[in-house]
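Each chain, letter by letter, is given below.
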Amino acid sequence: MQWPLLTVKAIVEGLRTERIGRVVEVLDEAPSTNDVALAAAERSVASADGLAVFAEYQTAGRGRQGRTWHAPRGASLLCSVVLLGPDEMAQAGLLTLVAGVAACDAVRETSGIWPMLRWPNDLYVGSRKLGGILVESRPIASGQRAWVIGAGINCYQHANHFPPEIRDQATSLEIESIEPINRTALARQCLSQLDMWLKPGTDLVADRLRSAWLDRAESLGRPVRLRYEGRVFEGRTVDVDPQAGLLVQLNEGARRWFDAARSQIV
Amino acid sequence: MVDIEKIRELVAMMVEHELAEVKLRDGGEWVVIRRGAAAPVVEVVPQAVAPSPAPIVAAPVAAPGGAGGIPEGLIAVKSPMVGSFYASPDPDSTPYVSVGSMVAPDTVVCVIEAMKVFNEIKADVAGTIEQILVRNEEAVEYGQPLFLVRPA
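Let me sum up the structure you'll find in this document. (Residues numbered from 1 in each chain as written. Chains lettered and ligands numbered in written order. Predicted model: local features only at pLDDT ≥ 70, side-chain atom pairs only at ≥ 80, totals over all residues. Heavy atoms only, no water.)

Here we take up the packing of aromatic side chains. Residues and elements named next belong to chain A. This model, assessed by the stated rule, comprises five aromatic pairs over all chains. A ring pair is formed by Tyr228 and Phe258, whose centres lie 5.6 Å apart and whose planes are at 80°; its orientation type is edge-to-face. Of this pair, Tyr228 sits in strand S8 (residues 223-228) while Phe258 sits in strand S11 (residues 255-259); the two residues are 30 residues apart in sequence, bridging distant segments of the chain. Taking the relative accessible area as the measure of exposure, Phe258 reaches 1% and is therefore buried. The positively charged end of Arg118 is found above the aromatic ring belonging to Tyr124, 3.7 Å away from the centroid. One residue, Arg256, lies across the ring of Phe233, its end atom 4.8 Å from the ring centre. (Phe/Tyr/Trp six-rings, centres within 6.5 Å; stacked < 30°, edge-to-face > 60°. Helix = DSSP H or I, 4+ residues; strand = E, 2+ residues; numbered from the N terminus. Buried < 20%, exposed > 50% of the residue type's maximum accessible area, 1.4 Å probe, protein only. Lys NZ or Arg CZ within 6 Å of the ring centre and 35° of its normal.)

What follows is the structure in structure tokens.
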């Protein structure tokens, strides 16, 4: 299948960001864009801040639970962005929310599709997953830490591009939209939306971010499976707070709060 | 003295209702029962001098190898955040370190994850890993010792 490829020239054309996308790279293939971005941050500290790495194909893309994540060459938007900061963890949770909100808005701006965020930062259209985000961080030289926001958004896939076992749980912009899909515009918007939250002089205000996230959150009452301290719980969401966690009505009857830091959606 | 039958009943109730922790005041004693992935843990916390008002939260209990529990001559690598502990980069890989591994200050020893943010944690000390104090995927607290290192 031949889909239009990304080029650096096309992505940066008209890109007006202050921090994100100061340097843009497009790779034909990468183990994962997060790996490339983390390595670049280690190699060239300082100049790596704001670097955006795109790849047409990932040979070792990572998803939840270390699952390998596959997409046909050129079908998804695969992007990682580097942020450098002090080696402290206080804002780690906020970055994952920024990434979700930015990806959600980038899709809205370029496709007319309004995806919803499933805690903490997966993109859903109805009950089908459109994209996901994985943030990784690594300590680098001089007491700094490199944060890498990695996003994968399904663009050109048809249903038969997804493996049969996830076909009814996955979707793409092509499937959802009546408009032609422009992956380059989506790439540019991802950088612009992230820049709005992360450019110099912008305080990452937790309250503002929280309400932006809640505005885009999918409705409550959906089935959820969580792992908490090594055990799996199933139920329906009763309440959500992006930073505090999920209140879940468990299938066996109890209602229980799962705190954000220790719970994983499985 | 806390009735052992009562504790048995409570543990059964906790299993039935998937509860992680129960705190019970019994006369002069506070009993905290926690269920992890392994067997339930019962801690009896002697009550402070004043009998009332009752504490809302049980007295903090030192984590294994916690402050004061670190053997002399060893240094603890502590978690910089609340989250889940991962010993390896992904489930199919070998752990970053194991007992006997030599580490430098910038050696990555584990990943701590919270809200799908995976953070590599470095040793910050040079030496040999003497003990690993947490299991893979276990929830960890801020400042909780993860490894004991014999400094080089």
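Don't stop here, the text continues.
The next thing to look at is the packing of helix H3 (residues 92-111) of chain A against helix H6 (residues 206-215) of chain A. A pair of packed helices can be characterised by two numbers: the angle between their axes and the separation between those axes. Residue and element names in this part refer to chain A. Between H3 and H6, the shortest axis-to-axis distance is 10 Å and the interhelical angle comes to 45°. In terms of their interaxial angle, H3 and H6 are classed as oblique. Handedness of the crossing formed by H3 with H6: left-handed. Mapping the contact onto sequence places Leu94, Leu97, Val98 and Val101 in H3 and Ala206, Leu209, Ala212 and Trp213 in H6. Class assignment for the residues of the contact of H3 with H6 results in eight nonpolar, no polar and no charged. (Axes fitted to C-alpha atoms, helices over the stretch in contact; angles between N-to-C directions. Parallel < 35°, antiparallel > 145°, perpendicular 65-115°, else oblique. Left-handed = near helix turned anticlockwise from the far one by under 90°. Contact = heavy atoms within 4.5 Å. Nonpolar A, V, L, I, M, F, W, Y, C, P; charged D, E, K, R; others polar.)

So, about the pairing of strand S7 (residues 108-114) of chain B. All names here are of chain B. Burial analysis of S7 places seven of its seven residues in the buried class, the great majority of the element. Bridge count for strand S5 (residues 83-86) against S7 is three bridges, and the pairing is antiparallel. Bridge pairing links Phe85 to Ile112 in S7. The pairing of S7 with strand S8 (residues 117-122) spans six bridges and is antiparallel. Each residue of the ladder has a partner; that of Val111, found in S8, is Glu120. Where S7 folds back on S8, the antiparallel hairpin that results is connected by two residues, among which Met115 adopts a positive phi of roughly 50°. (Pairing = 2+ DSSP bridges.)

Two side chains bearing opposite charge may form a pair once their charged atoms approach each other closely. Residue and element names in this part refer to chain A. Summed over all chains, the structure comprises 19 salt bridges over all chains. The closest approach of N and O atoms between Lys129 and Asp122, which form a salt bridge, is 3.4 Å. Assigned by exposure class, Lys129 and Asp122 land together as buried. Here Arg222 makes a salt bridge to Glu218, at a shortest N to O gap of 3.1 Å. Connected through shared salt-bridge partners, Asp28, Glu29 and Arg73 make up one network. (Salt bridge = Lys/Arg side-chain N within 4 Å of Asp/Glu carboxyl O.)

This part covers the packing of H3(A) against helix H5 (residues 183-198) of chain A. All names here are of chain A. Relative orientation of the contacting elements H3 and H5 amounts to 140°, with a least axis distance of 8 Å. It follows that H3 is oblique to H5 by the angle criterion. Considering the relative orientation of H3 and H5, their crossing is right-handed. Counting all contacts with H3, which are made through Leu95, Val98, Ala99, Val101, Ala102, Asp105, Ala106, Val107, Glu109 and Thr110, the residues of H5 involved are Ala185, Leu186, Gln189, Cys190, Gln193, Leu194, Trp197 and Leu198. Its residues placed into classes, the contact of H3 with H5 shows 13 nonpolar, three polar and two charged.

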